[in-house]
Amino acid sequence: METDMKHIVRKGLEEYDNEAKKEDVKKKQYRKKLDAEDAELEKIGKYKGKVTFIGDRLFLTSAAAMQRIFPNMNIESSKDMTVSSAISSCKKLESAKRLKDPVVIALGNSESLSQAQMEKLLANFGRRTIYLVNNSSAQSFERSNNNLLKTLAANDTNIHLINWYEYAKDRRECLNADNVTTTRKGSDRLARKIALEI
């Protein structure tokens, strides 16, 4: 009976050890994947074309890094930019002939987005190419916002999704404690990721 119990315990420990080893291999493979993505971003140089950025605090904290990568950019950004204020910014840029193509938008880090609001905003850009940067905000509305942005991109060939959430979620060194604003390293990575996508 005691021998049987020792055998069961030993078998259980062996299985646990095997599972732990498999998990270690998965973690190493995942880390290797992240490192490869980072290495690709490091190769990104300056983006020579003109581009317009419209966004909330994500762009506000990244503006200096984006200026280095995008020397010909226009940016309209504020800490609590909403879709309504983004529409006003868009009209202001258009009337000043400063609304370039492509347009990169980061909204929803401070508010829940609705499809009607976003469609109203997107209607202001004509046939310009639009890039929507999704949210990494840890807010209750993060998932619904990201699903909406993904749907908007899937339904229009002129709209593309930049998956900042996927990039930033396992790179906590890229984000400040609020899970939205970027650290110096995160600002650089965000700018390079946008340049790679567009």
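By convention here, each chain's residues receive numbers from 1 onward along its written sequence. Residue-level local features of this predicted model are given only where pLDDT is at least 70; pairs of side-chain atoms are given and counted only at 80 or more, and the full residue set underlies all totals for whole chains, interfaces and linings. Excluding hydrogens and water, the side-chain values take into account all heavy atoms of the structure.

Student: Explain the environment of arginine 192 to me, and be specific about the residues and the numbers.
Tutor: Per the convention used, a helix needs a DSSP run of H or I reaching at least four residues, while a strand needs a run of E reaching at least two, with both numbered from the N terminus. Relative to the helices and strands, arginine 192 resides in helix H7 (residues 184-197). Judged by relative accessible area, which is 14%, arginine 192 ranks as buried. Linking arginine 192 and phenylalanine 70, residues 122 residues apart in sequence, is a C-alpha distance of 9.4 Å. Here the term buried applies to any residue with accessible area under 20% of the maximum for its type, exposed to any over 50%, and partly exposed to those in between, with areas from a 1.4 Å probe on protein chains only.

Student: A description of the packing of helix H3 (residues 83-95) against helix H4 (residues 115-122) should follow, citing residues and the corresponding values.
Tutor: Axis definition: a line fit to C-alpha positions, over the contact stretch in the case of helices; interaxial angles, taken between N-to-C directions, run 0 to 180 degrees. Relative to each other, H3 and H4 sit at 5°, their axes nearing to 9 Å. Here H3 is positioned roughly parallel relative to H4, judged by the angle of their axes. Contact with H3, carried on its side by Val83, Ala86 and Ile87, involves Gln117, Met118, Lys120 and Leu121 of H4 and no other residues of that element. Roughly parallel here means an angle under 35 degrees, roughly antiparallel means over 145, roughly perpendicular means 65 to 115, and every remaining angle is called oblique. We call two residues in contact when some of their heavy atoms are within 4.5 Å.

Student: Report on the pattern of salt bridges, specifying residues and quantitative values.
Tutor: We define a salt bridge as a contact between a side-chain nitrogen of Lys or Arg and a carboxyl oxygen of Asp or Glu at a distance within 4 Å. Applying the stated rule across the entire model yields eight salt bridges. Salt-bridge contacts for arginine 57 lead to aspartate 178; the nearest nitrogen and oxygen are separated by 3.4 Å. Placement of the pair is arginine 57 in helix H2 (residues 57-69) and aspartate 178 in the loop between helix H6 (164-168) and H7, with a sequence separation of 121 residues. Taking relative accessible area as the criterion, aspartate 178 reaches 30% and is therefore assigned partly exposed. Measuring nitrogen to oxygen at the nearest pair gives 3.2 Å for the salt bridge that ties lysine 193 to glutamate 197. Of the two residues, lysine 193 and glutamate 197 are both situated in helix H7; the distance of four residues between them amounts to about one turn of the helix. Exposure remark for lysine 193: the relative accessible area of 12% places this residue in the buried category. It is possible to trace a salt-bridge network through shared partners that takes in Glu166, Lys169 and Asp170.

Student: Account for the side chain of asparagine 135, naming residues and giving values.
Tutor: For asparagine 135, the position within the fold is in the loop between strand E4 (130-133) and helix H5 (142-154). What makes asparagine 135 buried here is its relative accessible area of 0%. Think of a polar contact as two N or O atoms within 3.5 Å of one another; within protein, one of them needs to be a possible hydrogen donor and the other a possible acceptor, and neighboring residues in sequence only count if both atoms come from side chains. Separated by 3.0 Å, the side chain of asparagine 135 and the backbone oxygen of leucine 107 make a polar contact. Sequence-distant contacts of asparagine 135, defined by excluding residues within four places in its chain, comprise Leu107, Gly108, Asn109, Glu142, Asn145, Asn146, Leu149 and Tyr165.

Student: Describe the packing of H2 against H7, naming the residues involved and giving the relevant values.
Tutor: Remark: H2 packs on H7, axes separated minimally by 8 Å, with the N-to-C direction vectors making an angle of 65°. Taken as axis vectors, H2 and H7 run roughly perpendicular relative to one another. Every pair of crossing elements has a handedness; the one defined by H2 and H7 is right-handed. Touching Leu58, Phe59, Thr61, Ser62, Ala65, Met66 and Ile69 of H2 are Ser187, Asp188, Leu190, Ala191, Arg192, Ile194 and Ala195, all from H7. Here the nonpolar group is Ala, Val, Leu, Ile, Met, Phe, Trp, Tyr, Cys and Pro; Asp, Glu, Lys and Arg are the charged ones; every other residue, Gly included, is treated as polar. Considered class by class, the residues forming the contact of H2 with H7 number nine nonpolar, three polar and two charged. Helix crossings fall into two classes, left-handed where the near helix is turned counterclockwise from the far one by less than a right angle and right-handed where it is turned clockwise.

Student: Now, about the packing of aromatic side chains: what can you tell me, with residues and values included?
Tutor: Think of it this way: a Phe, Tyr or Trp ring, Trp meaning its six-membered ring, pairs with another when their centres are within 6.5 Å, and the plane angle makes it stacked under 30 degrees, edge-to-face over 60, tilted otherwise. Taken as a whole and assessed by the stated rule, the structure comprises four aromatic pairs. Summarising the aromatic geometry, the rings of phenylalanine 53 and phenylalanine 59 are spaced 5.3 Å apart at their centres and angled 90° between planes, so their arrangement reads as edge-to-face. Phenylalanine 53 gets classed as buried once you look at its relative accessible area, which sits at 0%. Look at phenylalanine 53 and phenylalanine 70: their rings are 5.1 Å apart centre to centre, the planes differ by 70°, and that puts the pair in the edge-to-face class. With phenylalanine 53 in strand E1 (residues 51-55) and phenylalanine 70 in the loop between H2 and strand E2 (73-77), this pair connects stretches of sequence that are 17 residues apart. What links up through ring pairs into an aromatic cluster is the set Tyr47, Phe53, Phe59 and Phe70.

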